[in-house]
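What the coordinates show
Take a look at the letters that make up each chain.
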Amino acid sequence: MRYDFTCAKCGGNQIEEVVTNVSVSSVVIEIYEGGEIDYGNTSSEGDDCGEILYQCRDCGTKLEGVESPDDLWDYFASNWGPIELSDGGCIEPPELNNGTILRRDVHGNTMEIREVSDDNYPEWLDMFTA
Ligand SMILES: [Zn+2]
């Protein structure tokens, strides 16, 4: 999914991943105009205490408590609440159900709407970030 981030300090909206104390090598699969690269297998060397952190790309303000890609996901997803529907039901965010997006009707019955493996799953995630 595309994330929606605004730095509290500078208003920047890109997050940068920084890995320290470790050297990383990646297979370059494709390169595009402007230097965008698709990477293949990535391997790391060095001591195992490589640290990973996420920060505002513009001013370097660290995202507190975010130390892994999982944390980063939680950083966004933990703020998602259910989306209320006009019939009294709601769409539940994936965090509650191992990634599955459920619809809960007014009686509390649930119905699976999208699973992580579904093609347009990312579009459904975008609903929560809108
Ligand atoms: Zn910033």
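Let me sum up the structure you'll find in this document. Counting of residues starts from 1 at the beginning of each chain's written sequence and follows it residue by residue. Whole-chain, interface and lining totals are the exception, using all residues; otherwise, since this is a predicted model, local features are given only for residues with pLDDT of at least 70 and side-chain atom pairs are given and counted only at 80 or more. Note that water and hydrogens are dropped before the side-chain values are worked out from all heavy atoms of the structure.

1. Remarks on the coordination of the zinc ion
Ligation of the zinc ion by protein atoms is provided by Cys7 (SG), Cys10 (SG), Cys56 (SG) and Cys59 (SG), these donors lying 2.3 to 2.4 Å from the ion. Listed donor atoms are N, O and S within 2.8 Å of the metal (Na, K and Ca: 3.2 Å). As water is not included, a site may look incomplete. Key to geometry: four donors with every angle between 85 and 135 degrees are tetrahedral; four donors are square planar and six octahedral where opposite donors lie over 155 degrees apart and all remaining angles lie between 65 and 115; all other sites are irregular. Coordination at the zinc ion is tetrahedral: its four donor atoms span angles of 103 to 113 degrees at the metal. Donor residues binding the zinc ion come from one chain and are separated in sequence as C-x2-C-x45-C-x2-C. Three exposure classes are used, based on accessible area relative to the maximum for each residue type with a 1.4 Å probe and protein chains only: buried under 20%, partly exposed in between, and exposed over 50%. The exposure class of Cys7 is buried, given its relative accessible area of 6%.

2. Structural notes on helix α1 (residues 69-77)
Only runs of H or I of at least four residues qualify as helices and only runs of E of at least two qualify as strands under DSSP, and these elements are numbered from the N terminus. Along α1, the positions that sit buried rather than exposed are Leu72, Phe76 and Ala77. End-on view of α1: buried residues confined to an arc of 125 degrees, all on one side of the axis. Considering only its buried residues, α1 is in contact with β1 (15-20) and β4 (51-56). What the arc describes is the spread of directions from the helix axis to the C-beta atoms. Should any heavy atoms of two residues lie within 4.5 Å, those residues are counted as being in contact.

3. Here's the deal with the environment of Leu72
Within the element layout of this structure, Leu72 appears in helix α1. Overall, Leu72 belongs to the buried group, its relative accessible area being 19%. Taking the C-alpha atoms as reference, Leu72 lies 7.9 Å from Tyr54; in sequence the two are 18 residues apart. Apart from the residues within four sequence positions on either side, Leu72 is in contact with Ile15, Tyr54, Leu63 and Val66.

4. Examining the sheet that holds strand β6 (residues 90-92)
The strand order across the open sheet built from four strands is β5-β6-β7-β8, with neighbouring strands paired in antiparallel fashion. The open sheet is flanked by β5 (83-84) and β8 (110-114), the only strands paired with a single partner. Pairing between strands requires that DSSP locate at least two bridges from one strand to the other. In the sheet, β5 pairs with β6 via two bridges, with the strands oriented antiparallel. Residue pairing for β6: Glu84 is matched across the bridge by Cys90.

5. Regarding a nonpolar patch on the surface
Taken together, the side chains of Val28, Ile31 and Tyr39 make up a nonpolar region of the molecular surface, amounting to roughly 340 Å² of accessible area. Assignment of secondary structure puts Ile31 in strand β2 (residues 23-32). The exposed category is assigned to Ile31, whose relative accessible area is 58%. Like charges within 9 Å and nonpolar side chains (Val, Leu, Ile, Met, Phe, Trp, Tyr) within 5 Å are joined into patches, using only residues over 30% in relative accessible area that form no salt bridge. We get accessible surface area from the Shrake-Rupley algorithm with a probe of 1.4 Å; when it comes to residues, only the shown protein chains can shield them. What counts as a salt bridge is simple: a side-chain nitrogen of Lys or Arg found within 4 Å of a carboxyl oxygen of Asp or Glu.

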